[in-house]
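Residue strings, one per chain:
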Amino acid sequence: MAELTLTPNLDRPDDFYAELIAAHDGLSEDESAAFNARLILILANQIGNTQVISAALRAATKPDR
Amino acid sequence: MNRLLWEKENNMIHDRYQLAFKLYPYERSTDQDADAPVRHPVVVMGGGPIGVATALDLGLQGIPVVVLDDHEGIGMGSRAICFAKRCLEIADRYGCGQPMLDKGVIWNLGKVFHDDRKVFEFNLLPEEGHKFPAFINLQQPYFERFLVERVREAQASGAPIELRGKNRVDDVTVHDDHVTLEITTPEGPYTIEADWLIGCDGASSPLRGMMGLDFEGRVFEDSFLIADIKMVNDTFPTERWFWFEPYFKSGASTLLHKQPDGVWRVDFQIGWDIDRKTELQEENVRARLDAMLGEVDYEIVWTSIYTFQCRRMKKFRHGRVLFAGDAAHQVSPFGARGANSGMQDVDNLGWKLGLVIDGKAPASLLDTYDTERVFGADENILNSTRATDFITPKSKISHIFRNAVLDLAEQYDFARPLVNSGRLSVPCVYDGGPLNGADALPGGPSRTRPGSPCPDAPLDDGYLLDQLGGSFVLLTIDAEAPDGLEESGIALRRVALSTSGAASGVLAERYLGEAATGVYLIRPDQHVAARWATFDDTATRTDLRHAIGLE
């Protein structure tokens, strides 16, 4: 059964991060939020497995401090 | 009349900054009494670390070099503090790496905080088997002083280096085959000529201005307040602490870093619209420090406010004039790529200019200084810009992503490589470089491919880089080859090593990989020019000629 990966897995983390931020250049806040929504849906489809996505949703929930 | 003109007419040169060490006081030169302008092979403009290192590189080759500086020594204030391995290796090749290492503070542990929480800590886990550590922290005036002391030592044994203090270049005229310099001194003006002029006169390079050359890039709208402080009861560990949005509100980010002499560097990000004078008042600096440090007694050693830009000149070579260090390129301080990359410029330029002056290489070899170091500067600008964008997010969405990374990094390993408070400064590999030759070592490690700086390795007696030195070398590992050969006026010296010694596992891992034997052609700046499994006379000669720009 597939599991959510929470250890480093990006081959070029700095390149990824720079590309992600650059993708938002020139977008308004609403446009950025919409961009993120589309991106999440695309990545979720790439993952495919609902259990993994559920685990990701739980991991992204901000813990109480 | 402007200040410079007034000073020029009255033969006065005012100090623009206070000196930490007065190391090259003004002395009258015989050039000042000559009937006609004296011609020098090389003149270096600027007596900072890059200018003095350039003089050392050339002087140790026996090439006469004159350094002109409008001050009489080293400026006060620690400024650059992180000196990386490759920079120290270059200094070691010039003979002053050891005092830097002895004086410097070595650190491996870093902690990253967000608000009042520790996000994670990291250990640089330096790779074993290198003479020098990944980094030392050392105040820039010490770095410069060790370079100047080495110049004095080299002069005593005959190196033709001259350091001329209070010699301000006020005008240059660039000709096809030389440069004319108009110089002002406390005793009046004089003129000299240079076959080659190297501009090492810093980020605000007057030489660049005189030649009307571009220096374009990106301005970052943020100011940083530096306070170097001495703790009275020093109980802080030797670690790098970096806060994003610290709870003590002394800055949008804050860095705490140890230097020699019990001095700590504190660096507060304080925003763009600030009044420098107000912020630098002692009570205001202390208010920030007190909020951060709590009940700690300290003495303020030095304070400064800086802003920065990431930019470079389009070209580093302009005929007979070459630019190096901050004069040619400027980066943000995150990632320690300023002084460190300037030293790599010197490393790259020194041997090339030496060969051109000796008539062994065509002047076009100097165009490869431009190609290779522009490539390096772009890599440094890219890395330091990314760190800056992470530390000082420029839009709401990038701020949200930045804080999301920090939130996740607190809990999950995967997000930690995304946290960027400055990447370890490493020398660039001249991939696709114009001087690279064959990569004909099947199974050879990627890290020693042509264009790479040679990684150090322990030998039974000392270290590999000590053996390479500063000339062309044929490094053979478990391979047969003649003990030396001469090609196009270059004496190629063989360094023959075997993997039968006790310490050789590391050497094999770094230079052989899966291969049984290896032959490397190594440049004087200790970058790999070409490599093969076995020695081939024709191939070696061809790639040596290629590496000096002959074909």
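For the structure given in this document, a descriptive report is provided here. Since this is a predicted model, take the numbers as computed values, not measurements. (Residues numbered from 1 in each chain as written. Chains lettered and ligands numbered in written order. Predicted model: local features only at pLDDT ≥ 70, side-chain atom pairs only at ≥ 80, totals over all residues. Heavy atoms only, no water.)

**A closer look at the overall build of chain B**
Of the regular secondary structure elements, chain B holds 14 helices and 28 strands. By the compact-globule yardstick of 24 Å for 551 residues, chain B fits well, its C-alpha radius of gyration being 24 Å. Within chain B, residue pairs in contact and separated by at least 24 positions form 72% of the contacts whose partners lie at least 6 positions apart. Each charge class in chain B can be summarised by its mean position, and for the 57 positive and 82 negative side chains these summaries are 3 Å apart. (Helix = DSSP H or I, 4+ residues; strand = E, 2+ residues; numbered from the N terminus. Rg over C-alpha atoms; globule rule 2.2 N^0.38 Å. Contact = heavy atoms within 4.5 Å. Lys, Arg positive; Asp, Glu negative; His and termini not counted. Charge placed at Lys NZ, Arg CZ, Asp CG, Glu CD.)

**Digging into the nonpolar core**
In this structure, Leu68(B), Met100(B), Leu181(B), Leu197(B), Met343(B) and Phe472(B) are the most contacted members of the largest nonpolar core, which totals 89 residues. Contact partners of Met100(B), with chain neighbours within four places excluded, come to Leu88(B), Ala91(B), Ile136(B), Leu138(B), Phe143(B), Phe146(B) and Leu147(B). Grouped together as the second largest cluster of nonpolar side chains are 30 residues, Tyr17(A), Ile226(B), Phe244(B) and Cys310(B) included. (Core = buried A, V, L, I, M, F, W, Y, C linked by side-chain atoms within 4.5 Å. Buried < 20%, exposed > 50% of the residue type's maximum accessible area, 1.4 Å probe, protein only.)

**Quick word on the pairing of strand β16 (residues 263-271) of chain B**
All names here are of chain B. Along β16, eight of the nine residues are buried, which leaves the element largely enclosed by surrounding structure. Pairing of strand β13 (residues 216-231) with β16, which is carried by eight bridges, proceeds in the antiparallel orientation. Residue pairing for β16: Ala 227 is matched across the bridge by Val 266. Sheet analysis places strand β15 (residues 253-259) next to β16, joined by six bridges and oriented antiparallel. Looking at β16, one finds that Gln 259 is bridged to Val 263. Where β15 folds back onto β16 in an antiparallel hairpin, the turn is made up of three residues, including Asp 261, whose phi is positive at roughly 65 degrees. (Pairing = 2+ DSSP bridges.)

**A short note on the pairing of strand β12 (residues 188-199) of chain B**
Residue and element names in this part refer to chain B. Counting buried positions over the twelve residues of β12 gives nine, a clear majority of the element. Relative to β12, strand β2 (residues 38-45) runs parallel, the two being bridged by seven bridges. The partner of His 40 across the bridge, within β12, is Ala 194. Note that strand β11 (residues 179-185) and β12 share seven bridges and pair antiparallel. Paired with Thr 185 across the two strands is Gly 188, which belongs to β12. If you look at the hairpin formed by β11 and β12, you'll find two residues sitting between the two strands. As paired strands, β12 and strand β19 (residues 321-323) are joined by three bridges and run parallel to one another. Bridging across to β19, Gly 199 finds its partner in Phe 323.

**Section: helix α3 (residues 85-93) of chain B**
One turn of an α-helix holds 3.6 residues; hence residues three or four places apart share an orientation. Residues and elements named next belong to chain B. Among the nine residues of α3, seven are classified as buried, and the element is accordingly described as predominantly covered. Residues of α3 that are buried include every one of Arg 86, Cys 87, Leu 88, Glu 89, Ile 90, Ala 91 and Asp 92, and no others. Buried positions along α3 lie against β5 (82-84), α4 (97-103), β8 (135-137), α5 (140-156), α9 (339-357) and α12 (464-468).

So yeah, pure geometry; function would need other evidence.
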